[in-house]
Amino acid sequence: MKIRTLAAFALAALPWLAQPASAKDDLVIGVAQFPSSLHPAVDAEVIKSYVLGFTTRPITAYDKDWKNSCLLCSELPTLANGLAKLEDIGGKKGMAVTIKLRTDLKWSDGKALTTDDLVFTWNVGKDPASGFTNGHPWSDITSIEVINSSTAVLHLSAVTYQYNTWDSLLPAHIEGPVYEKAGNKAADYLKQTVFNRAPTTPGLGNGPYMISDYKSGVQVVLTPNPFWPGAKPGFKRIVIKLIENTAALQANLLSGDIDMVAGEGVGLTIDQVIKLRDAYPDKFTYVFKPSLTYEHIDLKVENPILADVRVRRAMLYALDRKTLVDKLFGGMQPVAQSWVNPLDPNYTKNVTNFDFDRAKAKALLTEAGWTPGKDGICTNKDNARLSVEFGTTAGNRLRELVQQVLQDQLKAACIDVTLKNEPPRTFFGETIKKRLFNGLAMYAWSSGVGSSPRRTLHSAQIPTEANNYTGSNAIAFNDPRMDTLIDQAESELDPAKQLAVWAEMQKIYVDKLHVLPLFYRADPHVVPKWLLGYTPTGHGDMSILWAENWKSQ
Amino acid sequence: MTSYVFRRLGQALLVMLVMSVVIYGLIGLMPGDPIDIMIASNPNATPEMVANLRALYGLDQPLLLRYWHWLSAALSGDLGYSRVHSAPVLEVLAPALLQSCKLMLSSFTFSVAVAFTLGIIAARRPGGLVDGLIGLIAFAGISVPVFWLALMMILIFAVNLHWLPASGISNVGDGSLRDHLVHLIMPVVTLGFATTGGFIRYVRASMIEVLRMDHIRTARAKGAGEGRVVLIHAFRNALIPVVTIMALSFGTLFNGALLTETMFAQPGMGKMIYDSILGNDFNLALTGLLFATGVTLLSNLAADLAYGWLDPRITLQ
C-alpha cells in the first residue's frame, strides 16, 4: 500500500517538475555536431561557421542569390568601380584591392572595428605558426597600405579571381596581446587565443549576437550584441544545443525542447526530414535547399575494366539517377551533370547529357567488347567478368541505400559490382586518401561558390607517398589542358572569359568521365511556423549571416 | 592489509603504464589524421598548409617520440591539450567526470536498490508468481536496448506527456537543483534499468543458494523472524558473488554510458571518450581511457576489500 502511495505521489509530482514552456523571445536550435574551436580561422568546420555566423561577420559573403556582397565593407571592390586594380609587383602581375570598412561597425565591447583589425588579421593569417586552417586569403597579401581607420589597400602577390572575397577579422585589441605573447612558438597562439580560452569575452565578435554562455559539447547561448548597428535582433536569446543522436534530435523537436533543426548538414538527414514532413506536415516549415555538396562516384581508371571510357559512359547511362532521387529523396536533390551546381555562376549546360538509357549503355558495352554471359553479367573475349568493387562509408544508412539501388541498376545493364564498405575513418583516412580503392568509391565533397577545382582536378594535387598523400585529386585526374584551364580560371578576371574557361573544364570533366556524378545534396531545414526572415542559401555563407532578420511572428 | 593495498596499487600503476603504451599505439595506428578533419570543409586548403599544420601539431614525428613527449609532460602534471575542445585536457575532463559521477552514482544506486529489493523478494518464493513477474522485469532490463528504451522514455514523458525535458543537463537561465534533478530522471532510469536486470538475477540466485544453507535452518529453528533471517543471516552471505559483479559493472558504467549520454545529450565521460577517439584527439582519448582503466582497477580492489569485510574467513595477503 505504501509503495503504491509513493508511486502515485512520484507520478503526480512529475508534471510539477516539468520545465516551463519557452517563450518566443528565445529560439532553441538543435544541432548534431559541436564546434571544436570558436576561432574564426582555425578548424574549417561547418558547425563552427554556423555558430560564429551569429557573432562574427566576414568582410564579404555570397548572399541567398549566390551573389558576392559586402557585410563589413561599404562597397564591394571590383575592377569596374576602380577599387580593384592590376599592378606590377617586381615585374610580376599583382593586384591592389581597396577595402572600405563600414564606419558604423563596432566589436561587441563597443570598440570600433578599424583597419588595425585588418592589418592584425593579415599578420596572424600569414604566419605559419598561427595554425590557421583558413589561410586563404591572407597569405596572398604582400603588404597593406592603410589610408585611414576605415580604408586600406591590400597588395596581392598575384592576380586572383578571389580578390573580392575576404574572411572574418580578428579583434586586434583583444587578440593582439595574446599573439604577441605567444611569439613565434608554434601552436602557442592556438592554445592561448581568447576565442577558445574565454569565448564569452565581449569584443570577440561584430555580428548581431554575442556568446553569453558556452559549454563545450553541450550548448552555446547567444544574446544580442548591444553595439550592433544593423537591424535589431529578433530574439533575446538564441540557444544552440547539441543533441548528437538524430532520433533524439527529432524527439526533442516534437517535444518542443528545441524549436528548429539547423539544415546546413549539421542536423537531420534529408530522409528523416521527409518522413517528419509526411508525419507532421503542418507542425513546422520544411525547406529543402539544393547545396554545393556534390555526391559522386570516383572511378579508379587504372583498373583495366574502367580504363575504357566507353565502359565508364555505359555505367553512367545505366544509372537512373532521376528515379533514384525522386524515390529516395522526394525529388529534392537535383541530378548532377558535373561538380558545378546549376546555381553556380560558372555552370554550363553545354556538356554531354547522360540521362538514363539502358539500351545505349548496353550498346556501348558491346562496342567495348563486353557481352552478356549466362548469368546476365557481361564478359569479354577472355571470359573476364565485367565486375568491379563498389565502396562507400559503412553505417551511413542513406548512402548504403543509394548504393544498393545503383548496384541493381548496374546489374540490369550487365555490370556486376561487389559492395565493399568501410567505416568512414578507414574509407576517408586510408582508402580515398591513399587511392586504395580498386573500382568505384562513392562519397561527397563541398566547394565554395565559384571555387577553383584545383584540389580535386589539378594533377599537382594527386595524393602520393611523395607528397604525404596531401591533395584531394583521388581520381588521379591528369590532363595538361585541365591544369592550364585551372590556372587560367584562378587568374582570369574577365567574366566572359571566365565563363568560357569554366565551360571547357566542365566539358573535359564530363567527356573524360573519371567520376560518375550523382546528385547535389539538398540541405533539409526544419523551422518553426512562427519564424520569419529565415532564408537558407545552400552554400558555405549560411543563412545565419543574416540572422538579425530572424523574427518571431 | 595495508601492504596488500599498496601492492595492489603498485600493480595498478604498472597496468596503467602498460595500458598507456597500448592505447597510444592503437590510437596512433587508427586510420585518419586530425588534420584531415580540420581542413575537411576548407576548399582552399593546400598541401603546404596541411604539411605546416602537421608540423605545428607534432604529427610529423614518429609515434614513439610523440608518446614519450606525452608521458614526460603527463608525469609533470600536463596531460596535454584537447584538439576537439580547444582546451587543456584537465579542463575538459573535470566537468565530464562530474556529470558522469552524477549519472553513474545515481543510476548505480537506483539499480542496486531495485535489484536487492526485487532479488530478495524473488528468492523467497522461487518459481512462484511474484518470482515469475520479477524474472520478466529482469529479462526486460537485460534484453531491451538502451537506445530504444531512451527513445521510448523521451516519446512518452517528453513528447506526449510533456512532464520531463527530453535532453540536456539544465535549462538555460535556470540551473537550480530541481532543474538538474529533473534533467537526470530519464537518463538515470534508463541507465539504471539496463543494469538492474542482471543484478536482480545475481541477487536472486545467490540468495536462493544461501537460504538453503544449514545456518539459515538453524536460525529459523532458533525462532528468528523471517525478516531477520533474510536480511541479517542470509543477505550478508549472499553478497560476496553479487559484490564482484557490481564492482565490475561499476567500472564499465563509467565509460559505458555512451548511449544514454548521447540520447539525452548528457556530456559525460563515455561520450567524451567516444568523441575524442572519433575526432583523433589523442591526448583526451588517452587520458579518458586511462581514467576508465583506473576506475575499473580501483573498483576491483574495493570489491576484494569488501570480501574481507563480508566474510571474516577471507584474509587478504
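Keep in mind it's a predicted model, so treat the numbers as computed, not measured.

Reading the values: the criteria
- Residues numbered from 1 in each chain as written.
- Chains lettered and ligands numbered in written order.
- Predicted model: local features only at pLDDT ≥ 70, side-chain atom pairs only at ≥ 80, totals over all residues.
- Heavy atoms only, no water.
- 1 Å grid on protein atoms, 1.4 Å probe; cavity = no way out; pocket = protein on both sides within 12 Å on 5 of 7 lines; lining within 4 Å.
- Points joined across faces, edges and corners; volume = space filled by probe spheres on them.
- Nonpolar A, V, L, I, M, F, W, Y, C, P; charged D, E, K, R; others polar.
- Helix = DSSP H or I, 4+ residues; strand = E, 2+ residues; numbered from the N terminus.
- Domains from an automatic or database assignment.
- Contact = heavy atoms within 4.5 Å.
- Buried area = accessible area lost by both parts, 1.4 Å probe.
- Polar contact = N/O pair within 3.5 Å; in protein donor to acceptor, adjacent residues only side chain to side chain.

(A) Quick peek at empty space enclosed by the protein. All names here are of chain A. One pass over the structure, following the stated rule, counts six cavities of 30 Å³ or more. Within this model, the largest cavity holds a volume of roughly 130 Å³. Lining the largest cavity are 15 residues; nearest its centre among them are Thr-55, Pro-199, Leu-204, Gly-205 and Ile-211. Across the lining of the largest cavity, the residue classes break down as eight nonpolar, seven polar and no charged. Contributing to the lining of the second largest cavity are His-296, Asp-298, Tyr-443, Trp-445, Thr-456, Leu-457, Ser-472, Asn-473, Ala-474, Ile-475, Tyr-509 and Val-515. Only strand E12 (284–299), strand E17 (440–446) and helix H14 (454–457) provide two or more residues apiece to the lining of the second largest cavity. Residues of the lining of the second largest cavity, tallied by class, amount to seven nonpolar, four polar and one charged.

(B) Examining the domain arrangement of chain B more closely. All names here are of chain B. Each assigned domain of chain B is listed with its residue range as follows: domain 1 (2–89) and domain 2 (91–310). Taking only C-alpha atoms, the centre of domain 1 and the centre of domain 2 are 32 Å apart. Facing 32 residues of domain 1, the contacting portion of domain 2 comprises 25 residues. Together, the buried faces of domain 1 and domain 2 total about 2,400 Å²; carbon and sulfur atoms form 72% of this surface. At the junction of domain 1 and domain 2, the tally comes to 12 residue pairs in polar contact (both at pLDDT 80 or more). Of all the elements in the fold, those that place two or more residues in the side of domain 1 that touches domain 2 are helix H1 (2–29), helix H2 (34–38), helix H4 (63–75), strand E1 (81–82) and strand E2 (87–88). Considering each element in turn, the side of domain 1 that touches domain 2 owes the most residues, 13 residues, to H1.

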